[in-house]
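Working through the structure, step by step
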Amino acid sequence: MLCDRYTDATYAYQGGGRGIDDGLIDPLATLAQRGLWPKLTILLDAPVGPALQRARARSGKADRIEGEAVAFFERVRERYLQRAHSDPDRICIVDAVGSVAEVGERIASVVARVLPS
């Protein structure tokens, strides 16, 4: 299975961004996931400024989340990085600065290294 978001996003956006305590998120995650965790999570990391510019350029305007203050996204990024550092066997940080081709090559390299062929 492949998905573009998982429980790490809940911890980052609701926990880091909105300040909701992990003690409230944990039981919901346990209930929803039933112990299922990805074998590999790729965290595409970029500084907040360029990341927001990319997101807004896709649609031409900010959506509800993209309209948040920069400080919100700094907290979200920090929480994602904290999770990656606490679970390095599952979460691989990929530098998302560069062209689509460059970032794609970095992702392919991680997948080839981590997942069996």
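The structure we're discussing is the one just above.
Every value quoted in this text rests on a predicted model; they were computed, and no experiment measured them. (Residues numbered from 1 in each chain as written. Predicted model: local features only at pLDDT ≥ 70, side-chain atom pairs only at ≥ 80, totals over all residues. Heavy atoms only, no water.)

**Focus on the overall build of the protein**
Of the regular secondary structure elements, the protein holds five helices and two strands. Computed over C-alpha atoms, the radius of gyration of the protein comes to 15 Å, within 12% of the 13 Å expected from 2.2 N^0.38 for 117 residues, which places it in the range of a compact globule. For the protein, the spread of C-alpha atoms along the three principal axes comes to 40 × 40 × 25 Å. Burial statistics for the protein: of 117 residues in total, 30% are counted as buried. Pairs at least 24 apart in sequence give 67% of the contacts found in the protein among residues at least 6 apart. In the protein, 16 positive and 16 negative side-chain charges are present, and the distance between their average locations comes to 4 Å. (Helix = DSSP H or I, 4+ residues; strand = E, 2+ residues; numbered from the N terminus. Rg over C-alpha atoms; globule rule 2.2 N^0.38 Å. Buried < 20%, exposed > 50% of the residue type's maximum accessible area, 1.4 Å probe, protein only. Contact = heavy atoms within 4.5 Å. Lys, Arg positive; Asp, Glu negative; His and termini not counted. Charge placed at Lys NZ, Arg CZ, Asp CG, Glu CD.)

**Points about the packing of aromatic side chains**
In the structure shown here, the tally under the stated rule is four aromatic pairs. Here Y6 and W37 contribute two aromatic rings whose centre-to-centre distance is 6.0 Å and whose plane-to-plane angle is 65°, an arrangement assigned as edge-to-face. Residue Y6 is found in the segment before helix 1 (7–17), and its partner W37 is found in the loop between helix 2 (22–33) and strand 1 (41–45); the two are separated by 31 residues along the sequence. When its relative accessible area of 36% is taken as the criterion, W37 is described as partly exposed. Here the aromatic rings of Y13 and Y80 are separated by 6.2 Å at their centres, their planes lie at 85°, and the arrangement is edge-to-face. Linking Y13 in helix 1 with Y80 in helix 4 (residues 70–86), this pair joins segments that are 67 residues apart in sequence. Within the aromatic cluster, the residues linked to one another by ring pairs are Y13, F72, F73 and Y80. The aromatic ring of Y11 is capped on one face by R83, whose charged end is 4.0 Å from the ring centroid. (Phe/Tyr/Trp six-rings, centres within 6.5 Å; stacked < 30°, edge-to-face > 60°. Lys NZ or Arg CZ within 6 Å of the ring centre and 35° of its normal.)

**A short note on the packing of helix 1 against helix 4**
Where helix 1 contacts helix 4, the two axes come as close as 8 Å, and the packing angle between them is 135°. Compared by their axis directions, helix 1 and helix 4 come out oblique. Between helix 1 and helix 4 the crossing geometry is right-handed. Contact with helix 1, carried on its side by D8, A9, Y11, A12, Y13, G15, G16 and G17, involves F72, F73, R75, V76, R79, Y80 and R83 of helix 4 and no other residues of that element. (Axes fitted to C-alpha atoms, helices over the stretch in contact; angles between N-to-C directions. Parallel < 35°, antiparallel > 145°, perpendicular 65-115°, else oblique. Left-handed = near helix turned anticlockwise from the far one by under 90°.)

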